Amino acid sequence: MNAEKEKSMVFTTDDKEAWDDCFHSLPLHLQDVNYSYDYHKMYYANGDGDIRLFFFEQNGEKFYYPFLLRIIKIDGVESNYKDIETVYGYTGPISTTNESSFIAEAEKDFQHYCIKENVVTEFIRFNPLYANENLFRNSKTLAIVPLRDYITVKLDRSIDEILLGYTSQNRNKIRKAEKNGVQIVIDSTAKDFDVFVKIYLDNMEHLGAAKMYFFSSGFFDELKKLAINSGTFMTARVDGKILGATVFLKGETMGHYFLSSANEEGKKLAVSNLMLHHGIVWAKSCGLEQIHLGGGVTAADDDPLLTFKMNFSDKKVKFTIGKRVHNQSVYDSLIEKWEKKFPKQSVKYKSILQRYRFTEEDMI
């Protein structure tokens, strides 16, 4: 029997239909929302770069890798060089097989693409629920770096059993919110999405958050559509007044606690606890296997956001990143220029692969 000829393709921002076809050709357990065209479109709308899908197929097996392709500026001027970064979230390459020879062939084609496109570096945020960094355990060029623990909730139990897995403090806060008249409303048309955006951005301003967390209006427009079509949007209200809101997203088998925020009154009433509980109930009602809560803002074990999420589950998964330099001489030149410009920051940010992109406002 003759081997099927291999097929390697790269789809762009303009190729939604072809991208969708590739996505839906994957086994159901790999059809996670993080890998969809619409999820990536948010980050294109945010101005983060052009979106690409590298798709390799051989003998019926498939290698699927979506990412951002970005032009590199040198001395403030756009160059012919580019870099690759996966979008904020949990993606990285996925494959229908972990057979090493197939991965090697896909990698060979991908690296040829990178040479053709003048790609200097590649930064990957892997998906902790897939542990897809293991596809590259034999790679001699990709550095794999485990970072920190993220939290997931298994949904193969009843809601009562899931509740028993919460901390007692968390259950008390949920009861407190309910006792104080907080109601969770599923807003299927996301008609109050603008209220959520304002609460979220006000909170980021108050926290002095990094620039990357101040998403654009284009991003929120795309997120609204995604919440309606591939997730749910919930608001927390008292006497009709919105005190907080949350977006949950889902694929075929897993859900994601994506973005959430509450105002000061809502925080006092523990609306975030109640909203997340309702998100877990929603994910269970959708027949999902688990819901991923993500991790903290920092790598600290006592990070407040991580601590909050651990109130809902003690099931941890490891978040891992990947780093690769495709053009060492150009990379060295970029780093040298950046370090001359920011000598005081050179030690602090030494582990950041693409630090040559950082400006003053990125380094708060």
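All values derive from a computational prediction rather than experimental measurement.

1. Here's the deal with the pattern of salt bridges
Summed over the entire model, instances satisfying the criterion amount to 21 salt bridges. Arg324 serves as the salt-bridge partner of Glu122, at 2.8 Å between the closest nitrogen and oxygen. Of the two residues, Glu122 is situated in strand E6 (residues 119-125) and Arg324 in strand E13 (residues 316-325); the sequence distance between them amounts to 202 residues. Each member of the pair, Glu122 as well as Arg324, carries the same accessibility label: buried.

2. Digging into the nonpolar core
The biggest cluster of nonpolar side chains holds 59 residues, and the ones touching the most others in it are Tyr64, Phe193, Phe196, Phe220, Leu223, Val247 and Phe258. Residues Tyr166, Val182, Ile291 and Leu293 belong to the second largest nonpolar core, which totals 30 residues.

3. Re the packing of helix H2 (residues 37-45) against helix H7 (residues 217-230)
Their axes nearest at 7 Å, the elements H2 and H7 cross at an angle of 165°. Classified by the angle their axes make, H2 and H7 are roughly antiparallel. Handedness of the crossing formed by H2 with H7: right-handed. Facing Asp38, Tyr39, Lys41, Met42, Tyr43 and Ala45 of H2, the residues of H7 in contact are Gly218, Phe219, Glu222, Leu223 and Leu226. Class assignment for the residues of the contact of H2 with H7 results in seven nonpolar, one polar and three charged.

4. Notes on the side chain of Thr232
Mapped onto the secondary structure, Thr232 falls in strand E9 (residues 231-238). Those residues within four positions of Thr232 in sequence are excluded, and the remaining contacts are Ile186, Ala227, Thr246, Val247, Phe248 and Trp282.

5. Looking at helix H3 (residues 100-116)
With 17 residues, H3 ought to run about 24 Å at 1.5 Å a step, and its terminal C-alpha atoms sit 24 Å apart, in line with that. For H3, the set of buried residues is Phe102, Ile103, Ala106, Glu107, Asp109, Phe110, Tyr113 and Cys114. The arc enclosing the buried residues of H3, seen along the axis, measures out at 165°, which places them on a common side. Pointing more than 90 degrees away from the buried face of H3 are the exposed residues Ile115 and Lys116. Two residues or fewer past H3, Asn118 is found with a positive phi of approximately 60°.

Quick notes on the rules
- Residues numbered from 1 in each chain as written.
- Predicted model: local features only at pLDDT ≥ 70, side-chain atom pairs only at ≥ 80, totals over all residues.
- Heavy atoms only, no water.
- Salt bridge = Lys/Arg side-chain N within 4 Å of Asp/Glu carboxyl O.
- Helix = DSSP H or I, 4+ residues; strand = E, 2+ residues; numbered from the N terminus.
- Buried < 20%, exposed > 50% of the residue type's maximum accessible area, 1.4 Å probe, protein only.
- Core = buried A, V, L, I, M, F, W, Y, C linked by side-chain atoms within 4.5 Å.
- Axes fitted to C-alpha atoms, helices over the stretch in contact; angles between N-to-C directions.
- Parallel < 35°, antiparallel > 145°, perpendicular 65-115°, else oblique.
- Left-handed = near helix turned anticlockwise from the far one by under 90°.
- Contact = heavy atoms within 4.5 Å.
- Nonpolar A, V, L, I, M, F, W, Y, C, P; charged D, E, K, R; others polar.
- Expected span 1.5 Å × (residues − 1).
- Arc of directions from axis to C-beta.

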